[in-house]
Amino acid sequence: MTRSDLVAELAERFGQLTHRDTEFAVKTILDAMSDALARGHRIEIRGFGSFSINRRPPRMGRNPRSGEPVLIPEKLVPHFKPGKALREAVDANVPVAPEPAELGAN
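Every value quoted in this text rests on a predicted model; they were computed, and no experiment measured them. Positions within a chain are numbered from 1, following the residues in the order the chain's sequence is written. Confidence filtering applies because this is a predicted model: local features only for residues at pLDDT of at least 70, side-chain atom pairs given and counted only at 80 or more, and all residues used for totals across whole chains, interfaces and linings. Only heavy atoms go into the side-chain values, all of them from the structure, while hydrogens and water stay out.

Asks: Would you mind going over the pairing of strand S2 (residues 49-56) in detail, with residue names and values included?
Replies: For a regular strand, side chains alternate in direction, first toward one face of the sheet and then toward the other. Two strands qualify as a pair provided DSSP detects at least 2 bridges between them. For helices the rule is a DSSP run of H or I covering at least 4 residues; for strands it is a run of E covering at least 2, with both sets numbered from the N terminus onward. The pairing of strand S1 (residues 43-45) with S2 spans three bridges and is classified as antiparallel. Across the sheet, the residue bridging to Ile43 is Phe51, located in S2. Connecting S1 to the next strand, S2, in antiparallel fashion are three residues, including Gly47 with a positive phi near 85°. Relative to strand S5 (residues 75-82), S2 runs antiparallel, the two being bridged by eight bridges. Paired with Ile53 across the two strands is Pro78, which belongs to S5.

This is the structure we're talking about:
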């Protein structure tokens, strides 16, 4: 689902809202969540999940072209942990994936 899909779904469910109002509401929510994470705050939405910031320590990598070592600096990255209700809902609706042999792969 994309942002525009979400806007269309909400506009369809709530007929009293215009498409523009729905788009503004979705943008406002996502901007508020982004700002909170940028400030280092944790976001918890009961029944859905939580967003937090994880620290990736600095490490040594290598330049694939020359092979020389390169220092990769520390990074702060967003992390999502699904809530129990979301995990159970997804698990209940997951179709069994066919084996690669069934797909005609060699």
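Read on, since the account is not over.
Asks: Explain the side chain of Thr22 residue by residue, including any values.
Replies: Turning to its location among the elements, Thr22 is positioned in helix H2 (residues 19-38). Throughout this description, buried means an accessible area under 20% of the type-specific maximum (1.4 Å probe, protein chains only), exposed means over 50%, and partly exposed covers the range between. The class for Thr22 is buried, based on a relative accessible area of 1%. Between N or O atoms, a polar contact is any pair within 3.5 Å; within protein, one atom must be a potential hydrogen donor and the other a potential acceptor, and residues adjacent in sequence are included only when both atoms are from side chains. One polar contact links the side chain of Thr22 to the main-chain carbonyl oxygen of Thr18, over a distance of 2.9 Å. Residue contacts are counted whenever heavy atoms from the two residues lie within 4.5 Å of one another. With sequence-adjacent residues up to four places away left out, Thr22 is seen in contact with Val7, Leu10, Ala11 and Leu17.

Asks: Quick rundown of the sheet that holds S2? Include the residues and the values.
Replies: If you walk across this open sheet you meet the three strands as S1-S2-S5, and the pairing is antiparallel. Whereas interior strands pair on both sides, the edge strands pair on one side only; in this sheet they are S1 and S5. Sheet twist, expressed as the mean angle between neighbouring strand axes with direction ignored, is 25°. To define axes, lines are fitted to C-alpha atoms, for helices over the stretch in contact only, and angles between the resulting N-to-C directions are given on a 0 to 180 degree scale.

Asks: A description of H2 should follow, citing residues and the corresponding values.
Replies: One less than the residue count of a helix, multiplied by 1.5 Å, gives the span that helix is expected to have. With 20 residues, H2 ought to run about 28 Å at 1.5 Å a step, and its terminal C-alpha atoms sit 28 Å apart, in line with that. What H2 keeps buried is the set Thr22, Val26, Met33, Ala36 and Leu37. One side of H2 carries all its buried residues, which in axial view fall inside an arc of 105°. Seen from the open side of H2, the exposed residues pointing more than 90 degrees away from its buried face are Arg20, Phe24 and Ala38. Downstream of H2 by a residue or two, Gly40 has a phi angle that is positive, lying close to 90°. Picture the helix axis, draw a direction to every C-beta atom, and the arc is the one those directions span.

Asks: How would you summarise the side chain of Ser52 if you had to cite specific residues and measurements?
Replies: With respect to the element layout, Ser52 can be found in strand S2. The class for Ser52 is buried, based on a relative accessible area of 18%. Sequence-distant contacts of Ser52, that is, excluding residues within four places in its chain, are made with Leu37, Arg42, Val77, Pro78 and His79.

Note that every value here comes from positions in space, so none of it alone points to a role or purpose.
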